[in-house]
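Commentary on secondary and tertiary structure
As a plain string of letters, each chain reads:
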Amino acid sequence: MKILVTVKRTPQRDSRINVASGGTLAMESIEFEINPFDELAVEEAIRLKESRGAEVVVVTVGGEVCRRQLLSAMAMGPDRAIRVDAGEALDSLQIAKCLAEVARREAPDLVLSGKLAIDDEGAQIPAMLAALLGWPQANQASKIELSPDGKVAEVVCEVDAGLETVEVTLPALVTADLRLNEPRYASLPGIMKAKKKPMEVIPFDEIPDSGATRSAVIGYRALPPKPPGRSLGGVDELVEILSEKKLI
Amino acid sequence: MSDVLTVMGPLLRPVSNSDLAAVGFGESLAARSGGALDILILGPTTEDNERALVHLGVRNVYLLRHADLESYTAEAYASAVVAFVKDHRYQVIGAVSSSSAREFFPRTAAMLDVPMASDVFAVESLEPERAVFTHAVFVGNLLAAVELRGPMSLATCRASEFQAPKRVEQVSPVRRVTVSEALGHERKRFVAASRTQSARPELTEAEIVVSAGRGIKGPDEGLPLVEKLADIFGAAVGATRAVVDAGWMPNEYQVGQTGKVVAPQLYLAIGLSGAIQHVSGMRSSRTIVAINKDPEAPIFDVADYGLVMDLFEAVPELIQAIGGARH
Ligand SMILES: Cc1cc2nc3c(=O)[nH]c(=O)nc-3n(C[C@H](O)[C@H](O)[C@H](O)COP(=O)(O)OP(=O)(O)OC[C@H]3O[C@@H](n4cnc5c(N)ncnc54)[C@H](O)[C@@H]3O)c2cc1C
Ligand SMILES: Nc1ncnc2c1ncn2[C@@H]1O[C@H](COP(=O)(O)O)[C@@H](O)[C@H]1O
């Protein structure tokens, strides 16, 4: 089987990003990594590869800077990488259209994505991609089980009310949630091997009907500051405050 | 073409404040565009819900029942919205940000080929062909103004940031819509849903939330204390990822970037460190109280009141003090 995993380059998970003058982001000292939810998607793909054999291809839409993250992804085990060479100004639907073109060329059985990119927090692209392909989807997976013939996936999804199980017949798209697995660290040989794995670049102008950019961030701002909290001497003081506020 | 649609459903449980926030979001959009607001309920609902939703002052309440909408699937719900808007024109189609809307709204946006904004905090402006929404980014640490261009757009809203509309005496007409084509996807099947039964209030609806972190040590150590405290307050219980990952509480209790977003009157954070991913889901709470034995814990940066204490001393003391005050 063939699995395509979408990955995005995002700021390291615990970075504190500030707003610079003019409502732009101060990104000078920020380090990047693979979006944590995409790391789970990569891990899941490699586990499927290990348990039943699969070709795993990672794909990103972005500039030359994303090479590093594609290498780190491949160091975990995937076979090759594809980068759609696009500037940063694309919107979710355009990125989904780029990924859809890659999916059409590669014809995978399964696309695995993260459920959310931790920078823009859109949680849009995977569902858009599934729609563009006309495929079924399963969102926020905490468990994926393939049927013995590899044609059907039973997916347990984390939903507001608890857990929901759905069945998708492949080809299908599944997004990873935090409890899907525990991503491995790349080994040193893995890192060395990654450097020799193929990395294809698809020029943006090969994407048919990528459409106009219709969604963009026009400015960032910090959250309104919060007054410093009060340190309490003991439980008595807490009880006093709670009753003052009529909370008890 | 300046009308607004709020999409809801499936709606078998009673209409919640979150559902009503979606109508409030629609109302604020319609007020800006000068158009009318309609509600579309997808799938089955109850007569009680119908009765509640006709008193919100909207132009029409549409009900779309269909065999493929009886149990929720993103594919069928997205196709239903697409089928409905073939005969109706809206400038913005909105819904409350929920696990289902997060899945079927972007699917709908791609099918309609229109832009979308996620988890909107506020409407900055709405003009023909252009909408600007506020949306939190970078794990809730910054706000972004997102501009959507075009005659139609989709948006989900953050429930805690919008108010339910006022109840009005006037009754909105209920219109039943039929769609003859199949809506489901032949390769998708709903299998089962499981939810934990609890007598406590719903996490996202509760006035008071008591949340537990890894500091509670385990299901037999600190958890009973936290639950007891929650029961005295009539509160919902919440948890950090660490607690859910350890299997001490089910996944639907997780608060944060990957869990629920809550904004109660009082949030009691017990034995949790206050990682940004957790804070992102509770930062808008009216009053935040933190109990943690580490004075350096980041939760104290967002807490209105901080108590540096061992929870195994503080919580029993608190239970005793307010247990007496309450009963
Ligand atoms: C992509 C991503 C998404 C995430 N999403 C979420 C999310 O949605 N929600 C979430 O919660 N986390 C999320 N996390 C995890 C988050 O980063 C933290 O790891 C997690 O919130 C920590 O949980 P905790 O505070 O319970 O545990 P810890 O960080 O271990 O904190 C335990 C705290 O308890 C205190 N303590 C210990 N014993 C006692 C005692 N006896 N009395 C008083 N205090 C005590 C300690 O001082 C410490 O501060 C996410 C992480 C990633 C990478
Ligand atoms: N530029 C991109 N290239 C490849 N995949 C992406 C890109 N942006 C987002 N994705 C995928 O879509 C998921 C959700 O992203 P988002 O919709 O932006 O929150 C991510 O976890 C990635 O798997």
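Anything mentioned here points back to the structure above.
These numbers were taken from a predicted model, which means no experiment stands behind them.

**Thoughts on the nonpolar core**
Residues and elements named next belong to chain A. Among the nonpolar cores identified, the biggest contains 42 residues, and Ile3, Val5, Val58, Leu112, Ile144, Val155 and Val174 are the most heavily contacted of them. Ranked by residues supplied to this core, first place goes to helix α1 (residues 36–52) with seven residues. The contacts of Leu112, once residues within four sequence positions are left out, are Ile3, Leu4, Val5, Thr6, Ala41, Glu44, Ala45, Ile144 and Val174.

**Some words on the packing of helix α4 (residues 125–133) of chain A against helix α4 (residues 101–112) of chain B**
Running from N to C, α4(A) and α4(B) cross one another at 45 degrees; their axes reach a closest spacing of 7 Å. If you check the angle between α4(A) and α4(B), you find them oblique. Here α4(A) runs over α4(B); the crossing is right-handed. Contacts between α4(A) and α4(B) involve A:Ala127, A:Met128, A:Ala130, A:Ala131 and A:Leu132 from the former and B:Glu103, B:Pro106, B:Arg107, B:Ala109, B:Ala110 and B:Met111 from the latter. For the contact of α4(A) with α4(B), the class distribution of residues is nine nonpolar, no polar and two charged.

**Observations regarding the environment of A:Gly234**
Along the chain, A:Gly234 falls in the loop between β15 (230–231) and α6 (235–244). Residue A:Gly234 is classed as buried on the basis of its relative accessible area of 15%.

**Concerning the sheet that holds strand β7 (residues 142–149) of chain B**
Strand order in the open sheet formed by 10 strands is β14(A)-β7(B)-β6(B)-β5(B)-β8(B)-β4(B)-β1(B)-β2(B)-β3(B)-β9(B), with mixed pairing between adjacent strands. This sheet does not close on itself; its edge strands, each paired only once, are β14 (215–222) of chain A together with β9 (174–177) of chain B. In this sheet, neighbouring strand axes are inclined to one another by 30 degrees on average, regardless of whether the strands run parallel or antiparallel. In this sheet, strand β8 (residues 153–157) of chain B lies alongside strand β5 (residues 116–127) of chain B in parallel orientation, the contact comprising three bridges. Counterpart to B:Ala117 in the pairing with β8(B) is B:Ala155. Set on the sheet, α4(B) makes contact with β1 (4–8), β2 (37–42), β4 (92–96), β5 and β8 of chain B; between it and β8(B) the angle comes to about 170 degrees.

**Brief notes about the site of ligand 1**
Near ligand 1 you find 29 residues, and of these B:Arg214, B:Thr240, B:Thr258, B:Ser273 and B:Gln277 are the closest. Mapping the residues adjacent to ligand 1 onto the chains of the assembly identifies chains A and B. Note that an oxygen atom of ligand 1 is positioned 2.7 Å from one of the side-chain N or O atoms of B:Gln277. Interatomic distance of 2.9 Å between a side-chain N/O atom of B:His278 and an oxygen atom of ligand 1. Out of a free accessible area of 990 Å², ligand 1 has 85% covered by protein chains.

**A short note on the pattern of salt bridges**
All names here are of chain A. Scanning the model with the defined rule gives 44 salt bridges over all chains in all. Here Glu145 ties to Lys143 by a salt bridge, and the two come within 3.5 Å at their closest N and O atoms. The class for Glu145 is partly exposed, based on a relative accessible area of 44%. A salt bridge links Glu158 to Arg179; its shortest N-O distance comes to 2.9 Å. Of this pair, Glu158 sits in strand β10 (residues 152–159) while Arg179 sits in the loop between β12 (172–176) and α5 (188–194), and the two are 21 residues apart along the sequence. Just as Glu158 is buried, Arg179 falls in that class too. In the salt-bridge network here, residues are joined through shared partners; they are Lys2, Glu55, Arg80 and Glu106.

Rules used throughout
- Residues numbered from 1 in each chain as written.
- Chains lettered and ligands numbered in written order.
- Predicted model: local features only at pLDDT ≥ 70, side-chain atom pairs only at ≥ 80, totals over all residues.
- Heavy atoms only, no water.
- Core = buried A, V, L, I, M, F, W, Y, C linked by side-chain atoms within 4.5 Å.
- Buried < 20%, exposed > 50% of the residue type's maximum accessible area, 1.4 Å probe, protein only.
- Helix = DSSP H or I, 4+ residues; strand = E, 2+ residues; numbered from the N terminus.
- Contact = heavy atoms within 4.5 Å.
- Axes fitted to C-alpha atoms, helices over the stretch in contact; angles between N-to-C directions.
- Parallel < 35°, antiparallel > 145°, perpendicular 65-115°, else oblique.
- Left-handed = near helix turned anticlockwise from the far one by under 90°.
- Nonpolar A, V, L, I, M, F, W, Y, C, P; charged D, E, K, R; others polar.
- Pairing = 2+ DSSP bridges.
- Near = heavy atom within 4 Å.
- Polar contact = N/O pair within 3.5 Å; in protein donor to acceptor, adjacent residues only side chain to side chain.
- Areas by Shrake-Rupley, 256 points an atom, 1.4 Å probe, with all protein chains shown as cover.
- Salt bridge = Lys/Arg side-chain N within 4 Å of Asp/Glu carboxyl O.

That's the geometry; what it means functionally is another story.
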